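# Descriptive analysis of the structure
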Amino acid sequence: MKEFNITVVPTNNAKILKFEVNHFLVKGNYELKNIDEAKNAPLAQQLFYLPFIKTVYISGNFIALERFDIVEWEDVKDEVAQQLVEYLNAGEPIVNEEDTKKKEPITVYAEVTPNPAVMKFVSNKRIVPTSYEFKNIDEAKDSQLAQELFHFPFVKEVFFDENYVSVSKYDVEDWEGITMQLREFIRDFLADGKEVISQETIQKSKETEAQSASQVQYDDTSKQIIDILDEYVKPAVASDGGNILFQSYEEESKTVNVILQGACSGCPSSTFTLKNGIETMLKNMMGDKVNEVVAING
C-alpha cells in the first residue's frame, strides 16, 4: 500500500496554501467552493467541516486550500497537513472521477417537418458520419440511442443523419405532450458522451460503402441523376428531416427509382414533392432521359 507524505508549499496568494503529495491523486482538475459542490469529492467534503476552509482545489499531486480570514495558515497548517496524511493513508476516496466527469455542452432544438408524424431534433454537433434508419428496436441493436428511444411507447421509427435525429411517432400521442421529453432525453444522451452508433457499425458502413462503390458500375445517365440528387435534392430533404437514396434507373421506361428515409418516408406531401419537385427538376435538367420518378418504399 502507498504511504503518503505531504509537503506544505506557500503560494503567491497568502490565503491559499498548497499541500503537495508524493503520489498522484486525480486525473482531472477540481475547484470546489462548498460542501454541495463536493458531493462527489469525499476528501473535500471532510475539509469543508473545518470552519475556515473557503475553497478546495484538487489537481494532479496536490491539494490547495483557500481560507477565510478567521484564521492564519501559520496557526492551522500543521493540523490540516496531519489530517490530510491520515485521510490519504487510510485509503479513503479522494474524488469519484466517474461521477464528476463534465458533460459536453450540447444544445438540441426541435423542428417540425412536412410529415406531421415526424419531429426533427437538431444538435449543435455532428452525431453520425452518415445516415442510419431504424424501423424497429430489433434493427437498432447497434445503436444505443435508437434502442433507448424505442423504449418510449409512442416512438415508431428513428432516423439519424449528421447532426440530427428524426423521430416518427404513433398517433397515440400528440407532439405537444412529448417533444420536450424527447428533446431533453436526446440532449442528455449526447451530453453524456455516449455512442450514438457503435464504432464497429460505423466501420462496417464505411467498408460496405467502399465495396459498393467499387462493385456497382453506373451508366452515365445514372451518374448524372446521382449528382443532381446529391447537389440539389439531398440538402433540401435533409432540412426537412429526411433523406433520398438513388436505387436504380430503368433505361427502357426512363424511370428513376429512389428510396425515401426519415421524415420523407410515409409523408403525406412526399408524393407531391416527388412528382412536382424532384421529377420536374430531373426532367428539366436531363431532358427526355427521365420520364418518371418512383419511390419504391412508398
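Presented here is an overview of the structure given in this document. (Residues numbered from 1 in each chain as written. Predicted model: local features only at pLDDT ≥ 70, side-chain atom pairs only at ≥ 80, totals over all residues. Heavy atoms only, no water.)

Think of an α-helix as 3.6 residues a turn; residues three or four steps apart then line up on the same face. Here helix 5 (residues 175–191) contains 17 residues, and its C-alpha end-to-end distance of 23 Å stays within 8% of the 24 Å for a straight helix at 1.5 Å per residue. Where helix 5 is concerned, the buried positions are Trp 175, Ile 178, Thr 179, Leu 182, Arg 183, Ile 186, Phe 189, Leu 190 and Ala 191. At the C-terminal side of helix 5, Gly 193 shows a positive phi close to 75°. (Helix = DSSP H or I, 4+ residues; strand = E, 2+ residues; numbered from the N terminus. Expected span 1.5 Å × (residues − 1). Buried < 20%, exposed > 50% of the residue type's maximum accessible area, 1.4 Å probe, protein only.)

Attention now moves to the packing of aromatic side chains. Applying the stated rule across the entire model yields seven aromatic pairs. Arranged with centres 6.3 Å apart and planes meeting at 50°, the rings of Phe 159 and Tyr 164 form a pair that is tilted. You can call Phe 159 buried: its relative accessible area is 2%. For Tyr 164, a relative accessible area of 4% puts it in the buried group. For the ring pair Tyr 218 and Phe 246, a centre distance of 5.6 Å and an interplane angle of 75° mean the geometry is edge-to-face. Within this pair, whereas Tyr 218 is found in the loop between helix 6 (199–215) and helix 7 (220–239), its partner Phe 246 is found in strand 11 (residues 242–250), the two being separated by 28 residues in sequence. Looking at Tyr 218, the relative accessible area reads 33%, which means it is partly exposed. On the basis of relative accessible area, Phe 246 is assigned to the buried category, the value being 13%. Ring pairs connect the aromatic residues Phe 19, Phe 52 and Trp 73, which therefore count as one cluster. (Phe/Tyr/Trp six-rings, centres within 6.5 Å; stacked < 30°, edge-to-face > 60°.)

All right, on to the sheet that holds strand 12 (residues 255–262) then. Sheets are built from strands paired through backbone hydrogen bonds, the pairs being either parallel or antiparallel. Within the open sheet, the three strands sit side by side as 11-12-13. Their pairing is mixed. Of all the strands in the sheet, the pair left with one neighbour each is strand 11 and strand 13 (292–295). Strand-to-strand, the axes of this sheet are offset by a mean angle of 30°, without reference to chain direction. Against the sheet, helix 7 touches strand 11 and strand 12, its axis set at about 165° to strand 11. (Pairing = 2+ DSSP bridges. Axes fitted to C-alpha atoms, helices over the stretch in contact; angles between N-to-C directions. Contact = heavy atoms within 4.5 Å.)

Read these as geometric descriptors, not functional statements.
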